[in-house]
Number of protein chains: 2
Amino acid sequence: MSTFRSTPQEVRLLCRSGEFQTQTSGQANGHAQANLVILTSKDAAFDFLLFCQRNPKPCPLISVLEAGEYLYNSNPDGDNALDQNTYIDIRTDLPKYRIFKDGVLVEEVTDIKKQWNESFYTFIIGCSFSFEDAILRAGLSVRHIDMQRNVPMYNTNIPCNPAGQFSGNLVVSMRPFSIPDSIKVIQITSRYPRVHGAPVHVGNPVRFIV
Amino acid sequence: MSTFRSTPQEVRLLCRSGEFQTQTSGQANGHAQANLVILTSKDAAFDFLLFCQRNPKPCPLISVLEAGEYLYNSNPDGDNALDQNTYIDIRTDLPKYRIFKDGVLVEEVTDIKKQWNESFYTFIIGCSFSFEDAILRAGLSVRHIDMQRNVPMYNTNIPCNPAGQFSGNLVVSMRPFSIPDSIKVIQITSRYPRVHGAPVHVGNPVRFIV
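Thresholds, definitions, all that
Residues numbered from 1 in each chain as written. Chains lettered and ligands numbered in written order. Predicted model: local features only at pLDDT ≥ 70, side-chain atom pairs only at ≥ 80, totals over all residues. Heavy atoms only, no water. Salt bridge = Lys/Arg side-chain N within 4 Å of Asp/Glu carboxyl O. Helix = DSSP H or I, 4+ residues; strand = E, 2+ residues; numbered from the N terminus. Buried < 20%, exposed > 50% of the residue type's maximum accessible area, 1.4 Å probe, protein only. Arc of directions from axis to C-beta. Contact = heavy atoms within 4.5 Å. Disulfide = S-S within 2.5 Å. Buried area = accessible area lost by both parts, 1.4 Å probe. Polar contact = N/O pair within 3.5 Å; in protein donor to acceptor, adjacent residues only side chain to side chain. Nonpolar A, V, L, I, M, F, W, Y, C, P; charged D, E, K, R; others polar. Pairing = 2+ DSSP bridges. Axes fitted to C-alpha atoms, helices over the stretch in contact; angles between N-to-C directions.

Q: Could you give an account of the pattern of salt bridges, with specific residues and numbers?
A: On inspection of all chains with the given rule, the structure shows 14 salt bridges over all chains. Here B:Arg16 makes a salt bridge to B:Asp93, at a shortest N to O gap of 2.7 Å. With B:Arg16 in helix α1 (residues 8-16) and B:Asp93 in the loop between β4 (87-89) and β5 (97-101), the pair connects residues that are 77 residues apart, well separated along the chain. Overall, B:Arg16 belongs to the partly exposed group, its relative accessible area being 27%. B:Lys184 serves as the salt-bridge partner of B:Asp181, at 3.8 Å between the closest nitrogen and oxygen. Taken as a pair, B:Asp181 and B:Lys184 lie in helix α5 (residues 179-189) at a separation of 3 residues, close to a single helical turn. Here B:Asp181 falls in the partly exposed class, since its relative accessible area comes to 22%. Connected via shared salt-bridge partners are A:Lys96, A:Arg98 and A:Glu108.

Pasting the structure below:
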């Protein structure tokens, strides 16, 4: 069972030391969370940048680092540009990393220091865990946080807009609410477009007509 | 078949002359529309004021006039306080009036000049027709406007909070949309709380659990 840490720094340092290796829902509530995508060539990075531009709902880009750059300042408006409290070392400060080769998952590791390469492009994409704190503060409960589990995710039959080598169907997360509460959740999440914003669906699962 | 008038003044003057006698959905788009309730004693007016305060979602009060007052300035920030373009004569400028006695509908008339009394209290309550223009401008269509009919309305099993002599279940209007569009409609209507705001339900009819 994980316990919830209140600050991003705590979570980050526990990841860096290898102690924290699970999903991060419910951690550092009130802060934006992000998904990480690293691409290993400029060609692939261009295609993925275009894919994000064409699919802002599933892929809201928060930041793209320069080739080889692995220090990310999570508080660029702060006084201290790159001290330990504000920067993220992309190579070590996430719980785990999945390495895909030719579209196949080949390895899961707790840091990517030895894999790191000057041609790596880092994409930081908003994560829907970010608005869960706002849902909690509205007096609702989020079931997967109560259960200390990852959010349920599903593949849909809604195609994303393809770009270069990237294509595929939309993947969604699912949070169960009563109908009146789901209306509140639409209002709340609409205020957070950079972390996916409002849901694409409400109610029972349906075959989407697109 | 009615045609749609673009300004509140046009609709109002046609009501005043008795030419316009139908419901007002789709009229004077982009302007707030209101429901009218007139009570004939201070006792009843107090109870109803309290009822509105306790039920702001179905009864969002836009204005309450003084006893006997029947001229309402719809543009209080304008230069001309009470010229013909801005004032509403409550006794004549609505399409029709329903007169209830002891809770029973006794008469339907096109003006209430001869009934008017110094003890009448006028309540102006926001109407959901007001946000329909915003829905249209978002590129969606509103079925009852397309059909030039009144909005479908339903009684629910959700009790309002009683106040004095007033009690009853919530009455709702219904507009059909696809699920993705209904999410947009929640976002749009949330910006108009003074004319009912977001829906209380989305999806298929259900037995409400309250």
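And the narrative resumes.
Q: Which residues make up α1(B), and what values go with them?
A: All names here are of chain B. Taken together, the buried positions of α1 are Pro8, Val11, Arg12, Leu14 and Cys15. Considered in projection along α1, the buried side chains sweep an arc of 165 degrees and stay on one side of the axis. Looking at the buried side of α1, the elements it contacts are β4. A positive phi of about 90 degrees marks Gly18, the residue just after α1.

Q: Please set out the state of the cysteines residue by residue, giving values where relevant.
A: Residue and element names in this part refer to chain A. Summed over the entire model, instances satisfying the criterion amount to 0 disulfides over all chains. Just so you know, Cys15 is unpaired, no disulfide at all, and the nearest cysteine sulfur is the one on Cys127, 13 Å from it. Here Cys15 falls in the buried class, since its relative accessible area comes to 2%. Note on Cys59: no disulfide assigned, nearest cysteine sulfur contributed by Cys52 at a separation of 4.5 Å.

Q: Tell me about the interface of chain A and chain B, residues and numbers included.
A: Each side of the interface is counted separately: chain A has 12 residues, and chain B has 12 residues. Summed over both partners, the interface of chain A with chain B comes to about 960 Å²; 76% of that surface belongs to carbon and sulfur atoms. For the pair chain A and chain B, the number of links is 0 salt bridges. If you look at where chain A meets chain B, you find 2 residue pairs in polar contact (both at pLDDT 80 or more). Taken together, the residues of the side of chain A that touches chain B break down into 8 nonpolar, 4 polar and no charged.

Q: Break down the sheet that holds strand β1 (residues 34-39) of chain B for me, with residues and values.
A: All names here are of chain B. A sheet is described by the order of its strands in space; here 3 strands give the open sequence β1-β7-β2, paired in antiparallel fashion. Two strands bound the open sheet, and with one partner strand each, they are β1 and β2 (61-64). Neighbour-to-neighbour, the strand axes of the sheet open up by a mean angle of 20 degrees, direction not taken into account. In the sheet, β1 pairs with strand β7 (residues 121-126) via 6 bridges, with the strands oriented antiparallel. Bridging across to β7, Ile38 finds its partner in Thr122. The sheet strands contacting helix α2 (residues 42-54) are β1, β2 and β7, and the helix crosses β7 at an angle near 15 degrees.

Q: Which residues make up the environment of B:Phe120, and what values go with them?
A: All names here are of chain B. Assignment of secondary structure puts Phe120 in the loop between β6 (104-109) and β7. Its relative accessible area of 12% is what places Phe120 among the buried residues. A sequence separation of 53 residues divides Phe120 from Ala67, and the C-alpha atoms of the two residues are 5.4 Å apart. Sequence-distant contacts of Phe120, that is, excluding residues within four places in its chain, are made with Ile38, Leu39, Thr40, Glu66, Ala67, Gly68 and Gln115.

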